[in-house]
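Chains, contacts and geometry: an overview
Here is how the chains run, residue by residue.
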Amino acid sequence: MNFFRGVMGGQAAGPQPSGAETIHKLCDRVASSTLLEDRRDAVRALKSLSKKYRMEVGTQAMDHLINILQTDRSDSEILGYALDTLYNILCNDEEEEQVSSTDETAQKQSDDLGAQFTEQFVQDAEHVTLLLSLLEEFDFHVRWPGVKLLTVLLKNQGVQVQGIILVSPMGVSRLMDLLADSREVIRNDGLLLLQQLTKSNAAIQKIVAFENAFERLLDIITEEGSSDGGIVVEDCLLLLLNLLKNNSSNQNFFKEGSYIQRMKPWFEIGDDNSGWSAQKVTNLHLMLQLVRVMVSPVNSPGATASCQKSMYQCGLLQQLCTILMATGVPADILTETINTVSEVIRGSQVNQDYFASVNAPSNPPRPAIVVLLMSMVNERQPFVLRCAVLYCFQCFLYKNQKGQGEIVATLLPSTIDANSISAGQLLCGGLFSVDSLSNWCAAVALAHSLQDNLTQKEQLLRVQLATSLGKPPVSLLQQCTNILSQGDKIVRRGSKVQTRVGLLMLLCTWINNCPIAVTHFLHNQENVPFLTAQISENLGEDERLVQGLCALLLGICIYYNDNSLENYTKEKLKQLIEKRIGKENFVEKLGFITKHELYSRAAQKPQPVFPSPEQMLFDHEFTKLVKELEGVITKAVHKSNEEEKKEEEVKKTLEQHDNIVTQYKDLIREQDSQIQELKEQVASMSSQSEQMQTTVTQQLSQIQQHKDQYNILKLKIGKESQPNSQEDSSQVNGLQTEELTQLREEVEELRKQHALLQTQLGDKDTLLDTLKSETAESSAGGSDNTELLKELEALRSQVQSQSAEINHMKTERQELLTRAEAGSQDTVSSSDGSLDAAKMAELESRLAAQSSETQRVKEEAKSLSESRAELEQQLASATSTVAILQTEKAKLQTEVQESKKEQDDLLMLLADQDQKINALKQKLKGLGETVDDEDDLDGRDQTDDDYEDEDED
């Protein structure tokens, strides 16, 4: 133990060993000691030396410490010491605090040292997996150092460690469990760990989101006091930003989970806004960034519009506008709020309309847009705030023709109110101010009022300005060109180039795709000479951009020229360029715009973000316009007059072609609607036909049930009617009577079936007649239709022959029934005869009712078939007619097969009946009764038939 006393601070005799020697001995003790207490003391000593002798401990002890983590899992104390030692070796934070003010070289070496040890540690993926398994330990002395160590690994070797965790089973889930830890220290460090884990890895971001991260983080933010919370709220917001930024899947999950609605309470501020703490400013700034992530212009338009709608419906936009108009809000929070409101309303008509209705709490109340524009044209306001207001105005007018009309209307003579300040007045004031930044902002804002809106471009030509007393008013267009030409003579604060660039962007946007504005611009005789002079001069680097914009403006005058001015037609302007400037030189000057270093920066995103006012030269929407026009202007300048005439002819031809196509499209739409109506009618008639078919099927099923009952009774009678003795004679006679009753019922069923068959044959005849008429009209005696009709006629005759055979067999059956009835009349009393007569009368009445019902069904089916035939005659062609005939042929063949089957059943039934009658005759003879011959029976049958005919008459 003397060795450990020396290490831990005790005084030992003799010379003191060096740090490296001590560490070497401690590593030997960790590797060789069998007692857990010795290894624990050695690891604790290494921990105490790891900060001072970081290189030596990392080089000699890392493998031993990893081995401790693998073998001594049962002792939490030694695990904690080992994890703390590894953390000290890999972490650079402590060294940063000591070296930051002394030696940058030492700091760089320290960073490299941490990266080297981290790379050595993660070379084996099992080490990271081991560390993840240790996080499942609930012991504070193991879990907390493990969280810190894994955080350092992610800082130093983020991509590699992320890959290992991603493929580790339940790796991310184990880390998400840290947020549920009741110990705040572990939970808070877990937030830092998840921040590092989710950096620039979309796959891990999705897994974390689907592990219910949004719910847990929002709960923590609420528990900690929302914007009034501490550093923990900031960590949660940073993690939310990692999960949502540039991750459309997580953004959609956040919206669908109704988490946007939970953001509204964050922005509820009280009336007393004094004393904002630095942490509150940071928290609210991150919250605003979180809102902007959901509605960023770089997101897909559909997702952005959906989030904008949710933010308006839940009241989040209204809450942001409240902050916008509140007093005492810090400048950076106000600036970020303006940017946030800008993107929430950008391209959303509902949100833009609401923003237009917001008023500032002033006396008298003023629209929020007017208050913001006052800040934009005020040169004493901070530069970033003025940029934010410009961005808000641009977003308000983006795809908002209604808002554009309202802004331009404030400049028109009929709507100017002398007692109030309007947006148009503020823009004109800024446009003609001596502050170059105000000139540029006002020009860009006014250009956005005209973007893609031909009506407002024409309306703005009506604006007249009073320059000075005694002089007539001039148009706004003319005043802009006057300022442009006199730019060097006017004293301004700021960059003169900035003012001229702003005015040229306004003019290009104004006259673009507006021939009337081009005519007004060319009507001033000084404009074209000024532009040609600017383009042809050899100016310095700062003026090259102005030359390029002048070339663009002149090119627009050529491309959108309607040749209404004789002196400035397209051809004369191109001749002027060729003589004064030269076509190649003109195109070269035009290319100066896109080659400017600030052009590409402005083209990246809509928000105007500039490091200094001097670099504020290009607008994002204007870069799109330049990209669109540069090519067409170059072609227009190089084209000859003949080529232009050919192009105009081609355009006219294309327009005529488009008109013809449009007419055909309209005709097709009408025909589609008619076909749809006919289809609906056919569907309704088909449903009615199906209902009738269902009724027929139900009747057939009832007939089949009666047949089955009859067969069962027949079998039962056959079993019970065997003669045993003389005493059973009366029972046999009784059975004969019951059997005759069943036979009468069978006759009734056969009559019903015969009526149904007759109905079906009638329907088929009607359908065949209709199809014949259609075939005659459509195909005019086509050979295929003739053959099909012949086949149908043959099938019809076959069905009729089958029906005749059925009728014949029914007649034979009736004769047999009459014979059997005559044999039984000798053995039954007169009362039985009267009873049979009553039953026969009842059967006849039922038969008559059934016949009338069948006739009614037949009439309905016939009317339905006629209606359907009319619709089919409108829609069917010769080909469809042939298909219908083939279908009917198949149906008739099926019916023939069914008739044959029915005939066979009847033959079998008659044969059974003959056997039964013969058996009954033998029984009667055995009982001593006299049985007449068949001839007598035939005579009686004839007499009975005559009586029946008379009764029917």
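In this report, we go over the structure that sits alongside the text. Quantities reported herein were computed from a predicted structural model and do not represent experimental measurements.

Some details on the overall build of the protein
Counting its secondary structure elements, the protein contains 43 helices and four strands. Taking all 953 residues of the protein together, the buried fraction comes to 45%. Element-wise, carbon and sulfur atoms account for 49% of the exposed surface of the protein, whose accessible area totals about 48200 Å².

Describing a nonpolar patch on the surface
Among the surface-exposed residues, Ile660, Tyr664, Leu667 and Ile668 lie close enough to one another that they form a single nonpolar patch of about 390 Å² accessible area. With respect to the secondary-structure elements, tyrosine 664 resides in helix α38 (residues 641-720).

Observations concerning the nonpolar core
Counting 207 residues, the largest nonpolar core has Leu150, Ile165, Leu175, Trp266, Phe267, Phe355 and Leu552 as its most contacted members. When residues in this core are grouped by element, the largest group, 12 residues, is from helix α23 (residues 383-397).

Re unusual backbone geometry
Outside of glycine, negative phi angles account for most residues, and trans bonds account for most peptide bonds. Positive phi outside glycine occurs at asparagine 246, with the angle close to 60°. The exposed category is assigned to asparagine 246, whose relative accessible area is 68%. In this model, asparagine 513 sits at a positive phi of 60°, which is unusual for a non-glycine residue. Looking at the element boundaries, asparagine 513 is found in the loop between α29 (496-511) and α30 (515-523). For asparagine 513, a relative accessible area of 46% corresponds to the partly exposed category.

Some words on the packing of aromatic side chains
Counted according to the given criterion, the structure contains 11 aromatic pairs. Both rings, one in phenylalanine 140 and one in tryptophan 144, keep their centres 5.4 Å apart while their planes meet at 25°; by these two values the pair is stacked. With phenylalanine 140 and tryptophan 144 both in helix α9 (residues 140-156) and four residues apart, the pair spans about one turn of that helix. When its relative accessible area of 27% is taken as the criterion, tryptophan 144 is described as partly exposed. Taking the centre distance of 5.5 Å and the plane angle of 40° together, the rings of phenylalanine 254 and tyrosine 259 count as tilted. These aromatic residues form a ring-pair network of at least three members: Phe210, Phe214, Phe253, Phe254 and Tyr259. One cation-aromatic arrangement involves lysine 148 over tryptophan 144; the distance from NZ or CZ to the ring centre is 4.0 Å. Positioned above the aromatic ring of tyrosine 398, the side-chain terminus of arginine 346 is 3.8 Å from the ring centre.

Details of helix α19 (residues 316-325)
Within α19, eight of the 10 residues are buried, which leaves the element mostly enclosed by the surrounding structure. Looking at α19, one finds that the buried residues are Leu316, Leu317, Gln319, Leu320, Cys321, Ile323, Leu324 and Met325. Looking at the buried residues of α19, the elements they touch are α17 (278-294), α18 (301-313), α20 (331-345), α21 (349-357), β1 (359-360) and α22 (368-376).

Side note on helix α10 (residues 158-167)
Residues Gly158, Val161, Gln162, Ile164 and Ile165 constitute the buried set of α10. Take α10 and look down its axis: the buried residues cluster within an arc of 165°, on one side only. More than 90 degrees from the buried face of α10, the exposed residues found are Val159 and Val167.

Description of the environment of glycine 631
Mapped onto the secondary structure, glycine 631 falls in helix α37 (residues 620-638). Overall, the relative accessible area of 38% leaves glycine 631 in the partly exposed class. Taking the C-alpha atoms as reference points, glycine 631 and valine 587, 44 residues apart in sequence, are found 9.8 Å from one another.

Here we look at the packing of α19 against α21
Between two packed helices, both the angle of their axes relative to each other and the distance between the axes serve to describe the pair. With their axes 11 Å apart at the nearest point, α19 and α21 run at an angle of 35° to one another. Taken as a pair, α19 and α21 cross one another with a handedness that is right-handed. Between α19, through Leu317, Gln318, Cys321 and Leu324, and α21, the contact on the second element is made entirely by Asn351, Tyr354 and Phe355. Split by residue class, the contact of α19 with α21 holds five nonpolar, two polar and no charged.

Comments concerning the side chain of asparagine 201
Within the secondary structure layout, asparagine 201 lies in the loop between α12 (184-197) and α13 (202-210). For asparagine 201, a relative accessible area of 13% gives the class buried. Here the side chain of asparagine 201 touches glutamine 162 through a polar contact of 3.4 Å, side chain to side chain.

Thoughts on the environment of serine 258
Summarising the element assignment, serine 258 is placed in the loop between α16 (248-256) and α17. A relative accessible area of 38% means that serine 258 is categorised as partly exposed. Expressed as a C-alpha distance, the spacing of serine 258 and cysteine 314, which sit 56 residues apart in the sequence, is 9.8 Å.

How each quantity is defined
Residues numbered from 1 in each chain as written. Predicted model: local features only at pLDDT ≥ 70, side-chain atom pairs only at ≥ 80, totals over all residues. Heavy atoms only, no water. Helix = DSSP H or I, 4+ residues; strand = E, 2+ residues; numbered from the N terminus. Buried < 20%, exposed > 50% of the residue type's maximum accessible area, 1.4 Å probe, protein only. Areas by Shrake-Rupley, 256 points an atom, 1.4 Å probe, with all protein chains shown as cover. Patch = residues over 30% accessible without salt bridge, like charges linked within 9 Å, V, L, I, M, F, W, Y side chains within 5 Å. Salt bridge = Lys/Arg side-chain N within 4 Å of Asp/Glu carboxyl O. Core = buried A, V, L, I, M, F, W, Y, C linked by side-chain atoms within 4.5 Å. Phe/Tyr/Trp six-rings, centres within 6.5 Å; stacked < 30°, edge-to-face > 60°. Lys NZ or Arg CZ within 6 Å of the ring centre and 35° of its normal. Contact = heavy atoms within 4.5 Å. Arc of directions from axis to C-beta. Axes fitted to C-alpha atoms, helices over the stretch in contact; angles between N-to-C directions. Left-handed = near helix turned anticlockwise from the far one by under 90°. Nonpolar A, V, L, I, M, F, W, Y, C, P; charged D, E, K, R; others polar. Polar contact = N/O pair within 3.5 Å; in protein donor to acceptor, adjacent residues only side chain to side chain.

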